[in-house]
Amino acid sequence: MRKFLSVLLAMAMVLSLTVTGFAIEDTATTREPEVMTEEATMAGKTVILHTNDVHGAIAGYAYITALKADYEAKGAEVILVDAGDYSQGTSYVSVTKGLDAIEMMNAAGYDVVTLGNHEFDYGYTQLKDNMTKAKFKVLCADVFNADGTPIFDANYTYTTKSGVKIGFFGMETPETQTKANPTKIKGLTFATNDAFTKAAADQVEALKDADVVICLAHLGVDGESKPYRSTDLYAAVKGIDFIIDGHSHTVMTKGENGEPIQSTGTAFANIGVIVIDDATKKIESNSLFEIKEDTAKDATVAAAAQKIIDRIDKEYGAVFAKSEVVLNGAKAPNGNRDSETNNGDLITDAMVWKILQDKESLTVDADHVVAVTNGGGIRKAINPGDVTKKNINEVLPFGNTVVTIYITGAELLEALEASTYCTPDAIGGFPQVSGINYTISTAVAYDANAETYPASTYYGPKSINRVTINSINGKEFKADDTYAVITNDFCGGGGDTYYAFAAATAKFDTGIPLDEVVMEYITAELKGVIGKQYAAPQGRILMNPFADVKASSWFGKYVIDLYNDGIINGTSATTYAPNNTLTWAAALKLLLVSNGDLKAADATGADWSKNAIAKAAEMCIRDRCEGHLPSRVLPGRCQAQQACRVQDREQVHRLHRRLRDGARRREGHQRYDRDHLRACRVPDPRADRQDPLSAHPDREVRQNINAKRALLRQRSFLLTIRKREPVHRTGSLIFRFAYR
């Protein structure tokens, strides 16, 4: 009913009636993979094979080992390098906190790697321990210990057998300080601003005797990473011959402006190939080798990977539940980093459920308990069918624990504002929630502070102007109230954009792993079945793309509801024009299409208005009872109005009385109120209380009559629409009062 009434109100505003969705694909920094088909001899060449963002796809190491052997068989010298994020992504590497990734890279024969932000997921202590097992060089020039020294070697010169000196240095994204759990990387400094470019420039200077200087960068090219993208680095630092990039999972062989930057995507979708001519000591080509089903594998490395896979599958492969729906594991668009998802709903519901099992431990009432988790922490989808522990572990691979923090409503609002500052663009901190209903006004510019949050690349909000919290557990949100926010230890420690959580003085870490909480919720509360209640997002997060519609305005919530239900669009991407008029035919069209009464094909083309009016008349004629039309039905009034008067006189009388009383309180509507009521002249229902239809002897007929009356009550808005009357003068009033 809420949705239906929202349809009615929004018709009071002008809009473009479209239901078509679209996605924008950024092609500036990506291109189709180029399949490497080199058959000629490679003698006198040095080939660099590179990967990035493998994310636990350990079976892929057999591909790069076989490709290396193929080039070597043709006479080339081959170097294997990686640009980070190999320690996390599947249970095949996360169970051992990244160590199995190191073992697989040893087996493949890697020579040089840098660090990705996910190498820090298990903490700096674990990272250092893992790297003691590495048989390859680890480079990182822009992350420093407390004493100011780099945490690993900053650069390394690889000299080939033919005498070519290739200088490598590593650059880690400064975003790591908020993308990794801040409590697990204390004491480390990530270079930002001028220190970031200086760290790179220092390495170029240190490698000045090298023939080729290559940066292994985990920076990416996403807009949210500016000004620390690989393209930004190349523009700021001279002397870099090539950048092997990671982080954004981009497939590219050059930057958007032709920069010598290459990236393979993720999970061995491709292997990067850079060919250096030993004679000229210059890079002569770069390309991507696409991995296909029939791509050759190295048997020894494949066996090592399979051993790990079998071990984890045996331990984590037992089925504990079933899913009837697909749980969204996408990043964006329409994923966990830019919108509400059913996966986010399930996870946050589980968090609240678990904490409420012990209500006595809370210092606030249950209606002040909510949950927030960062969308970037949701890594995989769950498909219909059997659900295993491994599935949940891959959705939530970080080993996070559940934390309860106590903050004010104002602090909660700050966290939501900061964590959606670039929405609809993707952001890892995007808040998936339970117990909170909020709206993001995406057309409004984020009002950022001049300085970033402490030890962060993110700017806190100077004012709150994009996010409106509509309700907390169905009740009024109060900025001064204290709320218990259930989150993960990453957000609770100030990860991503959640500095407001880190600043909380009251905090309790349960120590319970988040993936175990979700499994327990599915087993105990959902009885082992993820059912249709999670088939779609539940409307907790609403998007308002219209600059001229404020969530606080009296009509704002209705327009925003309809937009999020996919029923309406604006007059442009960012405008709705709420004060423009709408024709009677367009109003009918909107109602009929939104309720499925008029096919989309009949709502377009030259005859759309005729079709809409005819369909409305047809439905009203069909619904009315012949022989019971009152004698006072005025000629010229729409069939819909006649039928509604016949079927539910009391509802008609009540709505008109509300309209009359309300309109008289609004300046400028006295004349309209008088003229409209004179034209509609509704009889007093008390004069006709004994409705012969209500006493019909056939029970089935009575049931049909009641069903039709319910339908007509929903459509009672038609009573206020007259062909010559602008709808925004009538509908906006009647629905305001009908919602009372």
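Look above for the structure.
Given the structure is predicted, the values throughout are model-derived calculations rather than measurements. (Residues numbered from 1 in each chain as written. Predicted model: local features only at pLDDT ≥ 70, side-chain atom pairs only at ≥ 80, totals over all residues. Heavy atoms only, no water.)

Colleague: Break down the environment of Leu514 for me, citing the residues and quoting the values.
Modeller: Relative to the elements of secondary structure, Leu514 occurs in helix α15 (residues 514–525). Looking at Leu514, the relative accessible area reads 4%, which means it is buried. In sequence terms Leu514 and Asn400 are 114 residues apart; their C-alpha atoms lie 5.7 Å from each other. If we skip the residues at most four places from it in the chain, Leu514 touches Ile347, Met351, Thr373, Leu396, Asn400, Thr401, Val402 and Asn488. (Helix = DSSP H or I, 4+ residues; strand = E, 2+ residues; numbered from the N terminus. Buried < 20%, exposed > 50% of the residue type's maximum accessible area, 1.4 Å probe, protein only. Contact = heavy atoms within 4.5 Å.)

Colleague: Residue-level account of the pairing of strand β15 (residues 319–323), with values.
Modeller: Pairing geometry for β15 and strand β17 (residues 385–388), over 4 bridges, is antiparallel. Within β17, the position partnered with Ala321 by the bridge is Val387. (Pairing = 2+ DSSP bridges.)

Colleague: I'd like a rundown of the sheet that holds strand β16 (residues 369–374), residues and numbers included.
Modeller: Pairing is mixed in the open sheet, where 5 strands are placed in the order β19-β16-β24-β18-β25. Of all the strands in the sheet, just β19 (431–434) and β25 (506–513) have a single pairing partner and so form its edges. Pairwise comparison of adjacent strand axes, ignoring direction, gives a mean angle of 25 degrees for this sheet. Each of β16, β18 (401–408), β19 and β24 (482–488) is contacted by helix α12 (residues 409–418), which is oriented at about 120 degrees to β18, the strand it contacts most. The sheet contacts of α15 involve β16, β18, β24 and β25, and relative to β25 the element is tilted by about 70 degrees. (Axes fitted to C-alpha atoms, helices over the stretch in contact; angles between N-to-C directions.)

Colleague: Which residues make up the packing of helix α2 (residues 61–73) against helix α4 (residues 99–108), and what values do they have?
Modeller: Geometry of a packed helix pair, given as the angle between the helix axes and the separation of the axes. Where α2 meets α4, the axes come as close as 9 Å, and the angle between the chain directions of the two elements is 20 degrees. Judged by the inter-axis angle, α2 sits roughly parallel to α4. The chirality of how α2 crosses α4 is right-handed. Only Met104, Met105 and Ala108 of α4 make contact with α2, whose side of the interface consists of Tyr61, Ile64 and Thr65. A breakdown of the residues in the contact of α2 with α4 according to their chemical character gives 5 nonpolar, 1 polar and no charged. (Parallel < 35°, antiparallel > 145°, perpendicular 65-115°, else oblique. Left-handed = near helix turned anticlockwise from the far one by under 90°. Nonpolar A, V, L, I, M, F, W, Y, C, P; charged D, E, K, R; others polar.)

Colleague: Any chance you could break down the sheet that holds strand β13 (residues 270–277) for me, citing the residues and the numbers?
Modeller: Consider a sheet: its strands pair through backbone hydrogen bonds, and that pairing is either parallel or antiparallel. One open sheet accounts for 6 strands, arranged β4-β3-β2-β1-β13-β14; its pairing is mixed. The open sheet has two free edges, formed respectively by β4 (137–139) and β14 (282–290), since each of these has just one partner strand. Within the sheet, the average angular offset between the axes of one strand and its neighbour, ignoring direction, is 25 degrees. In terms of strand pairing, strand β1 (residues 45–51) meets strand β2 (residues 77–82) through 6 bridges, oriented parallel.

Colleague: Talk me through the side chain of Ser339; I want residue IDs and the actual numbers.
Modeller: Here Ser339 is to be found in the loop between β15 and α10 (342–356). Overall, Ser339 belongs to the buried group, its relative accessible area being 15%. Here Asp338 takes part through its side chain, which lies 3.3 Å from a polar atom of the side chain of Ser339. (Polar contact = N/O pair within 3.5 Å; in protein donor to acceptor, adjacent residues only side chain to side chain.)

Colleague: Any chance you could break down the environment of Leu356 for me, citing the residues and the numbers?
Modeller: Mapped onto the fold, Leu356 is located in helix α10. Sequence-wise, Leu356 and Ala366 are 10 residues apart; in three dimensions their C-alpha atoms are separated by 7.4 Å. In contact with Leu356, other than residues within four places in its own chain, are Leu362, Ala366 and Val369.

Colleague: Describe in detail the pairing of β14, supporting the description with residues and values.
Modeller: Note: β13 against β14, 8 bridges, orientation antiparallel. Bridge pairing links Ile271 to Phe289 in β14. Here β13 hands over to β14 after 4 residues, with Lys281 in that stretch at a positive phi of 60 degrees.

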